[in-house]
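Notes for the structure review
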Amino acid sequence: MDGTERYSYLPIDTPELLQEHYTEIQKTWWQTVTDAKFDLVVVHAGQAQLFFEDDHGPTFKANPHFLQWIPPEYAVAESCLVICPGKTTRLLFFQPSDYWHAVPMPPDHLSGHLEIRTFTTVADLHQHCTEQVEQLTKAPERVAFVGEPSCKTLLGKDWQQNPSSLIHRLNFARAAKTNYELAAMRNASIMGALGHRAAANCFSEGGSEFDVHMAFLNASEQNESELPYGNIVAQNHHAAFLHYQFQDRHTPTELNSLLIDAGGSYRGYASDITRTYVTAQSNAAHEAHAAFTSLLAEMRNHQDRLVNAVAPGGSYVELQQLMHEQLAEILTTHHILKCSAQEAFAHGLTEAFCPHGLGHLLGLQVHDVGGQQITESGELRPPPENYPALRFTRPISENMVLTVEPGLYFIPVLLEPYRNNHASFNWHLIDALCPFGGIRIEDNVRVLPTGIENLTRDAFTTIGYTDAHP
């Protein structure tokens, strides 16, 4: 593929995948509604918002609970679902008569799984929804409403809004993906891989952060509003900001490194991929360039070992610890720390070089819900005190999709407190490496009965990108 032709993604709207998906989520929702002691649920897509003191606003993004049923291209603001155990789920689809904006057609290809009703006014849609609810239950207090707290126009007087007994169960169940969802995530991974290949090529040609960002958008065929999250495109010392948000329009005079964290979104499901590159020749001192290049190679092996350690029944808390144990070996072997690996780990010195968690659940949301929830009723397992940023603490189970993203950074605000009171830091080398910012390598993996499916590397292989794990 040379960038002039569209990529043919894996088929997803097959009868088999759709049937399995809707059978599974219907079963989950029916059981969840019953267990939470409700008669039915109204799931509202959401309302379009305006910026303060303005007549336009951000691109509409639907309630993720709605998106589990309805792909984003059909997830129109003000639409809603009526879900009642034992009854076919009804989609109330809002299709206004409009000439300011294009109006999507209803998702008729889903008519075998949903009952679809179309409305041209919000008032008619709300009236029909209310009538449906009254037909399905005589107890309005047993109606759950799942949607934005600001939505008051549809909410019935005695309905319960976002009840925790229901939301906890829905969030917990969403961690395991259906085959349809996995197919969407494979395509999202391919989108991300196409973008990363173009980004790497742009960087190798001396492109700026903005150039790299635009190359990613073009190759992945996404615009800004379609991205699953804002691209992190960080050159040189900018890579020391974990969520660096700007994009310089000019290439720095001394171009050392690139960290790009960017993904694709397909049918609402995300990929979340990070790669780090170093220039073949840098204006930085030879010692620093050689050291960073060597660190990057070591970090690839570091990430490989962590990916291979993911397994059903395992613990990300233990893998977080393993990440820091391995990082201690890297830091001491490369003489960044002048002590033993055991001492570096025991005294928490590695935490100044990697303050974030190993990974998180991935799906309809980039940091998908339920990562610290260990029971369907909502019991939480907080992360350890020394790893407060770890987003995933529940046991690993089959068909979860998780990110594995170890990092090594030279972050002045974290390192400076050690400068005058700790002899283990090799400040000469650390200061020389600061212009490179840091390293993060991130793959998305699906948990199998034994081992994992690496969605990220499979996607790079699919598009024929030989530098999949740079």
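Here we summarise the structure given alongside this text. This one's a predicted model, so the numbers in the text were calculated from it and none came from an experiment. (Residues numbered from 1 in each chain as written. Predicted model: local features only at pLDDT ≥ 70, side-chain atom pairs only at ≥ 80, totals over all residues. Heavy atoms only, no water.)

1. What to know about the overall build of the chain
Regarding its fold elements, the chain presents 12 helices and 16 strands. The globule rule puts the C-alpha radius of gyration for 470 residues at 23 Å, and the 24 Å found for the chain is close to it. Overall size of the chain, expressed as C-alpha extent along the three principal axes, is 75 × 50 × 45 Å. Every one of the 470 residues in the chain was classed for burial, and the buried ones make up 54%. (Helix = DSSP H or I, 4+ residues; strand = E, 2+ residues; numbered from the N terminus. Rg over C-alpha atoms; globule rule 2.2 N^0.38 Å. Buried < 20%, exposed > 50% of the residue type's maximum accessible area, 1.4 Å probe, protein only.)

2. Some remarks on the packing of helix H7 (residues 286-308) against helix H8 (residues 316-333)
Each pair of packed helices can be described by the angle between their axes along with the distance between the axes. Where H7 meets H8, the closest approach of the two axes is 11 Å, and the angle between their N-to-C directions is 155 degrees. In terms of orientation, H7 and H8 fall into the roughly antiparallel class. Viewed along their axes, H7 and H8 form a crossing whose handedness is right-handed. Facing Leu 295, Glu 298, Met 299, His 302, Arg 305 and Leu 306 of H7, the residues of H8 in contact are Leu 319, Leu 322, Met 323, Gln 326, Leu 327 and Ile 330. Residues belonging to the contact of H7 with H8 are distributed by class as follows: eight nonpolar, two polar and two charged. (Axes fitted to C-alpha atoms, helices over the stretch in contact; angles between N-to-C directions. Parallel < 35°, antiparallel > 145°, perpendicular 65-115°, else oblique. Left-handed = near helix turned anticlockwise from the far one by under 90°. Contact = heavy atoms within 4.5 Å. Nonpolar A, V, L, I, M, F, W, Y, C, P; charged D, E, K, R; others polar.)

3. Quick word on the sheet that holds strand E12 (residues 401-404)
Read from one edge to the other, the open sheet built from three strands follows the order E12-E15-E16, with strand pairing classed as antiparallel. Strands at the two margins of the open sheet, each flanked by one partner only, are E12 and strand E16 (452-454). Between one strand axis and the next, the sheet turns by 35 degrees as a mean value, whatever way the strands run. Bridge analysis of E12 against strand E15 (residues 443-447) gives four bridges, and the strand direction is antiparallel. Along E15, the bridge assignment pairs Leu 402 with Val 445. Of the strands in this sheet, E12, E15 and E16 touch helix H12 (residues 455-462), which is tilted by about 45 degrees from E16. (Pairing = 2+ DSSP bridges.)

4. So, the pattern of salt bridges
Note that side chains of opposite charge can pair when their charged atoms are close. Under the counting rule described, the total for this entry stands at 15 salt bridges. One salt bridge in this structure joins Arg 174 and Asp 368, with 2.6 Å as the shortest N-O distance. In this pair, Arg 174 sits in the loop between helix H4 (164-173) and helix H5 (179-204) while Asp 368 sits in the loop between helix H9 (341-346) and E12, placing the two residues 194 residues apart along the sequence. On the accessibility criterion, Arg 174 (4% relative accessible area) is buried. Classification of Asp 368 by relative accessible area gives buried; the value is 8%. With a closest N to O distance of 2.7 Å, Asp 304 and Arg 457 form a salt bridge. Taken together, the residues Asp 304 in helix H7 and Arg 457 in helix H12 connect sequence positions 153 residues apart. (Salt bridge = Lys/Arg side-chain N within 4 Å of Asp/Glu carboxyl O.)

5. Considerations on the nonpolar core
With 88 residues, the main nonpolar core has Val 42, Phe 66, Trp 69, Cys 129, Leu 166 and Ile 260 as its most contacted residues. At 15 residues, the largest contribution of residues to this core is made by H5. Ignoring sequence-local partners within four residues, the contact set of Phe 66 consists of Val 43, His 44, Ala 45, Ala 75, Ser 79, Cys 80, Leu 81 and Leu 91. (Core = buried A, V, L, I, M, F, W, Y, C linked by side-chain atoms within 4.5 Å.)

6. Side note on unusual backbone geometry
One non-glycine residue, Glu 78, lies in positive phi territory at about 80 degrees. Relative to the helices and strands, Glu 78 resides in the loop between helix H2 (64-67) and strand E2 (80-83). Its relative accessible area of 14% is what places Glu 78 among the buried residues. Despite not being glycine, Glu 221 shows a phi value in the positive range, around 55 degrees. Judged by its relative accessible area of 29%, Glu 221 falls in the partly exposed class.

7. Side note on the environment of Ala 219
Relative to the elements of secondary structure, Ala 219 occurs in helix H6 (residues 209-220). Linking Ala 219 and Tyr 7, residues 212 residues apart in sequence, is a C-alpha distance of 9.4 Å. Not counting chain neighbours up to four residues away, the residues in contact with Ala 219 comprise Leu 194, Gly 195 and Ala 198.

8. Here we look at the packing of aromatic side chains
Counted by the stated rule, this structure contains 16 aromatic pairs. Relative to Phe 246, the ring of Tyr 244 has its centre 6.2 Å away and its plane inclined at 80 degrees; by these criteria the two rings are edge-to-face. The exposure class of Tyr 244 is buried, given its relative accessible area of 6%. Grouping aromatic residues by their ring pairs yields a cluster made of Phe 353, Phe 410, Tyr 418, Phe 425 and Trp 427. One cation-aromatic arrangement involves Arg 394 over Phe 172; the distance from NZ or CZ to the ring centre is 3.9 Å. Residue placement shows Arg 419 over the ring face of Trp 427; its charged tip is 4.2 Å from the ring centre. (Phe/Tyr/Trp six-rings, centres within 6.5 Å; stacked < 30°, edge-to-face > 60°. Lys NZ or Arg CZ within 6 Å of the ring centre and 35° of its normal.)

9. Overview of the state of the cysteines
Counted under the stated rule, the structure contains zero disulfides. Left without a disulfide partner, Cys 339 is nearest to the cysteine sulfur of Cys 354, which lies 17 Å away. (Disulfide = S-S within 2.5 Å.)

10. Quick notes on the environment of Pro 417
Mapped onto the secondary structure, Pro 417 falls in the loop between helix H10 (412-415) and helix H11 (427-433). The exposure class of Pro 417 is exposed, given its relative accessible area of 52%. The spacing of Pro 417 and Ala 352 is 65 residues in sequence and 9.7 Å in space, taken between C-alpha atoms.

11. Topic: the packing of helix H1 (residues 15-35) against H4
Two numbers describe how H1 lies on H4: the axes approach to 9 Å, and their chain directions differ by 150 degrees. For the element pair H1 / H4, the angle class is roughly antiparallel. Note on packing geometry: the crossing formed by H1 with H4 is right-handed. Residues Thr 28, Trp 29, Thr 32, Val 33 and Asp 35 of H1 lie in contact with H4, whose contacting residues are Leu 166, Arg 169, Leu 170 and Ala 173. Taken together, the residues of the contact of H1 with H4 break down into five nonpolar, two polar and two charged.

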